[in-house]
Amino acid sequence: MNAGDDLGPSGWVDIGQARIDAFAAATEDRQSIHIDPESAAAGPFGTTVAHGFLTLSLVVHLWDDVAPPHDGVTINYGLNRVRFPAPVPSGSRIRGRFHVAAVDPVPGGRQATIEATLERDGGDRPVCAAELLLRLLDA
């Protein structure tokens, strides 16, 4: 992997109501716009929508779909920034595109700064934009 590489798109991931409900239960974030279809229908999005953090939680899965092979261990080192520019309505599907912004040496390996952009099928704006820091540690 080299700075400047563009990777993706990944495969699609379905964001159904069951996944949204399971995330709400796991995180105890049960806001009605996520889990109450009747209430959400009257809200700003007209339906239930995925939690932004549910969308973000899928970034590594989508990255793994397109990441170049690495003989060592890859760990999630953190994030520099995250934004959720557009909602993900229940029943949507999302995928990721990735730009390798930098690859820098660190003790035991390299650190990659990855610009991740998640998009919704049929959407006109990204649903998540995040800058990931991944440590690629040598075997």
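This report concerns the structure included in the present document.

**Here we look at helix α5 (residues 59–66)**
Argument step 1. Here α5 has its buried residues at V59, L62, W63 and V66. End-on view of α5: buried residues confined to an arc of 105°, all on one side of the axis.
Argument step 2. Residues of α5 that are buried make contact with β1 (6–7), β2 (13–15), α4 (52–57), β4 (92–106), β5 (109–120) and β6 (126–137).

**Things to note about the side chain of R95**
Argument step 1. Among the secondary structure elements, R95 is positioned in strand β4.
Argument step 2. Under the relative-accessibility criterion, R95 is labelled buried at 18%.
Argument step 3. Side chain to side chain, R95 and E119 meet in a polar contact 2.5 Å long.
Argument step 4. With near-sequence residues (within four places) excluded, R95 lies in contact with P9, S10, G11, W12, L62, T117, L118 and E119.

**Describing helix α1 (residues 17–27)**
Argument step 1. The complete set of buried residues in α1 reads I20, F23 and A24. Looking down the long axis of α1, one finds its buried residues gathered within 100° of arc, a one-sided arrangement. Residues A18 and A26 are exposed on α1 and point more than 90 degrees away from its buried face.
Argument step 2. As for α1, its buried residues are in contact with β2, α2 (32–35) and α4.
Argument step 3. Backbone geometry just after α1 places E28 at a positive phi near 60°.

**Here's the deal with the environment of V13**
Argument step 1. Its location among the elements puts V13 in strand β2.
Argument step 2. The class for V13 is buried, based on a relative accessible area of 7%.
Argument step 3. Through-space distance from the C-alpha of V13 to that of A40 is 22 Å; in sequence the pair is 27 residues apart.
Argument step 4. The residues touching V13, leaving out its near neighbours within four places in the chain, are R19, L58, H61, L62, S92, R93 and I94.

Definitions and cut-offs
- Residues numbered from 1 in each chain as written.
- Predicted model: local features only at pLDDT ≥ 70, side-chain atom pairs only at ≥ 80, totals over all residues.
- Heavy atoms only, no water.
- Buried < 20%, exposed > 50% of the residue type's maximum accessible area, 1.4 Å probe, protein only.
- Helix = DSSP H or I, 4+ residues; strand = E, 2+ residues; numbered from the N terminus.
- Arc of directions from axis to C-beta.
- Contact = heavy atoms within 4.5 Å.
- Polar contact = N/O pair within 3.5 Å; in protein donor to acceptor, adjacent residues only side chain to side chain.

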